[in-house]
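Coordinate inspection notes
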Amino acid sequence: MNTSIRYHIVPAAPEAHLFEVELSVERPDPAGQLLSLPAWIPGSYMIRDFARNIVWLKAFCDDAPIDVAKVDKQTWRCAPCAGTLTLRYQVYAWDLSVRSAHLDTTHGYFNGTSVFLSVHGREQQPCAVEIAPPHGEQYGNWRVATTLPPDGAARWGFGRYRANDYDELIDHPVEMGSFDIIEFEACGVPHAMTLTGRHRADQARLARDLTTICEYHIRLFGEPAPMERYLFQVMITGDGYGGLEHRSSTSLLCSRDDLPLAGQAEISDGYRSFLGLCSHEYFHTWNVKRIKPAAFVPYDLSRESHTTLLWAFEGFTAYYDDLALVRTGLIARSSYLELLGQTITRVLRGSGRLKQPVADSSFDTWTKFYKQDENAPNAIVSYYTKGSLVALALDLLIRRGSGESKSLDDVMRALWQGHGLTGVGVDERAIETLIAAVSGTDLSEFFDQALRGTDDLPLAELLAHCGVEFNLRAADGSNDKGGKAGTKNEQPRAVLGVRSGKDRAGAKLLNVHDGGAAQQAGLAAGDVIIAVEGLKVGNDNLEKICASYGVGGRIHLHAFRRDELMTFDAVLQAAPEDTCYLTFVEGASPAQEQLLDAWLGGVA
Ligand SMILES: [Zn+2]
């Protein structure tokens, strides 16, 4: 391809975690070319200032050094150049996450947002990318996994790739190393999963289960799939978790123990969660990568981009991720109800849900959801979890309101037709209008309450309609995630109203819940409780000891705030009924059975 913008990237010093990039620009801006690196990466709504990892940067005009000066934290201006402008710079890559770049002697990974400067005024132009291998015999078995379109590079090989514009350039992360490759087809589209890191996973099972999930989503939106191929780039560590969506790939971080071993037939909680993550990121191929909020068309990567719509783009995706698992039969209906019960529990455990509307949580994600502090449970609600419950409520409302002729699936397909295929951004209120049109039901009151209000959603009533009972109980302890019936206690458990963690001296308070016993006694997040009634406590036994004093029991506590020893008197409260589990109604009517089949049953 004949392009006037060419990038060359090499893992120059894996042991020092350094990539080196050479960018050449023909016919640069005669007034002095501006170049910059994004402040954030689409899908992860936080200012990360990737330019901070540029160690040095030099500019040349036809090989002669020229001046280059910083204009702001992420932008450079080169001295005027009449020939070919070349930038050479080094990027430090030592963040093992799906959002930036990581390089050591075992593998390399980067997102374009971390390594490729944009050439101002030329963002719409095609560019060439040469990905070079590291020097040294020990890297002879390294390969490349990316969905960047090849332009001479062999399959899984180093060499030349291309991108039609800057937006495409930064939407195909690159993995390099000696990873395993699993290949499969979904609805005729070639798919692959690469596994980096030590593991003993059953690769045939992964291929089988992923084929099921991918084909489900492709058929939900309608064939043909919008991408020519798809890649799951998986990094395996001891305790990793995370994912980031791209237009034809996803980068995932997972725990070794979450992957299935050969010979294991059942589905562990960890594997269920891994499949849910794969399903989630894959659904984004449509919902947020192609159906986008108008605020992201185009992305302004230099600063925050606000939208109230993440309840739909993350929430709907979080609803469909596990729903696909039950609808395809990968997990049982009882297992799905357990997951749903856990999600409801997560929302109910935070009193922030009674203060922050989910639309506001979306708008303020940059400074609140992505920058959670010790007060987060008291102040904010997650647009993932509450958003997925809004999706559930909408699905059940649309089904009921349309006499079971429509569902949220129809809304997703309408969004795909009207926005995904056309590239027209979704305006802030457009989803509400579209749902009204698809369902033929006026849901404006529901939207005002669910999105812009803070009342709990009417899930008990909606679920009862299709034969599912909504039950609440108090938590059995801090490890109780909900979703299951739990033990029946005669007496309510006495609690301090905190979440705590290990500390060398005692139990460190991580969150202090609004209105709880600890807060009323004057304890604060960060305090380290060292004794109850004069006896030493740790994080392991604080909960049990408090419970033993019973509801209404008064306890005398010693705690350190910073280096000061303080004493507190707390009156223990009954554990709140904030733990949800869902059960199938016994003796459900045939009509209820039918609704349940339509909701959780097979492919739409
Ligand atoms: Zn997501």
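Residues numbered from 1 in each chain as written. Predicted model: local features only at pLDDT ≥ 70, side-chain atom pairs only at ≥ 80, totals over all residues. Heavy atoms only, no water.

1. Side note on the overall build of the protein chain
The cut-off we apply is this: Runs of E in the DSSP output that reach at least two residues are strands. Runs of H or I that reach at least four are helices, and both are numbered from the N terminus. C-alpha atoms define the radius of gyration, and 2.2 Å times the number of residues to the power 0.38 defines the globule rule. Relative accessibility thresholds used throughout: buried, under 20% of the residue-type maximum; exposed, over 50%; partly exposed, between the two (1.4 Å probe, protein chains only). Every residue pair with non-hydrogen atoms within 4.5 Å of one another is taken to be in contact. To measure how exposed things are, a 1.4 Å probe is used in the Shrake-Rupley method; for residues, cover is taken only from the protein chains shown. We score Asp and Glu as negative and Lys and Arg as positive, and we do not count His or the chain ends. For the purpose of locating charges, the reference atoms are NZ of Lys, CZ of Arg, CG of Asp and CD of Glu.
Helix and strand counts for the protein chain come out as 17 helices and 30 strands. For 604 residues, the compact-globule estimate of 2.2 N^0.38 gives 25 Å, and the protein chain sits close to it at 26 Å. Looking at the 604 residues of the protein chain, the share that counts as buried comes to 56%. Counted over contacts in the protein chain with a minimum sequence separation of 6, partners at least 24 positions apart contribute 69%. Total accessible area on the protein chain stands at roughly 25,100 Å², and carbon and sulfur atoms take up 49% of it. Taking the average location of the 57 positive side-chain charges in the protein chain and that of its 77 negative ones, the two points are 2 Å from each other.

2. Remarks on the sheet that holds strand 20 (residues 249-255)
Heads up, the condition is: DSSP-based pairing: two strands are paired if at least 2 bridges between them are found. Lines fitted to C-alpha atoms define the axes here, with helix axes fitted over just the stretch in contact, and angles between the N-to-C directions of these axes take values from 0 to 180 degrees.
As summarised here, the arrangement of the five strands in space is 16-17-18-20-19, forming an open sheet in which the pairing is mixed. Looking along the sheet, the strands with just one partner apiece sit at the ends: strand 16 (180-186) and strand 19 (242-245). Strand-to-strand twist across the sheet, computed as the mean angle between neighbouring axes with direction ignored, equals 15 degrees. Alignment of strand 18 (residues 230-237) against strand 20, held across seven bridges, turns out to be parallel. Across the sheet, residue F232 finds its bridge partner in strand 20, namely T250. Sheet strands in contact with helix 3 (residues 203-221) are strand 16, strand 17 (189-196) and strand 18, and its direction is about 35 degrees off that of strand 16. Each of strand 17, strand 18, strand 19 and strand 20 touches helix 4 (residues 269-283); the most contacted strand, strand 20, lies at about 160 degrees to it.

3. Structural notes on unusual backbone geometry
For the bond running from E223 to P224, omega is 0 degrees, close enough to zero to count as cis. With respect to the helices and strands, P224 occurs in the loop between helix 3 and strand 18. Despite not being glycine, W156 shows a phi value in the positive range, around 60 degrees. Position of W156 among the secondary structure elements: in the loop between strand 13 (143-145) and strand 14 (159-163). W156 gets classed as buried once you look at its relative accessible area, which sits at 18%. The phi torsion at C187 lies on the positive side, around 50 degrees, for a residue other than glycine.

4. A short note on the state of the cysteines
To be explicit about the condition: Any pair of cysteine sulfurs within 2.5 Å is marked as a disulfide.
Enumeration according to the criterion identifies one disulfide in this entry. The residue that forms a disulfide with C61 is C81, at a sulfur-sulfur distance of 2.2 Å. In this structure, the disulfide formed by C61 and C81 twists by about 80 degrees around the S-S bond and is classed as right-handed. Placement of C61 in strand 4 (residues 54-61) and of C81 in the loop between strand 7 (75-78) and strand 8 (85-92) is noted, with a sequence separation of 20 residues between them. Each member of the pair, C61 as well as C81, is classed as buried. In this structure C78 is not part of a disulfide, and its nearest cysteine sulfur, from C81, lies 8.3 Å away.

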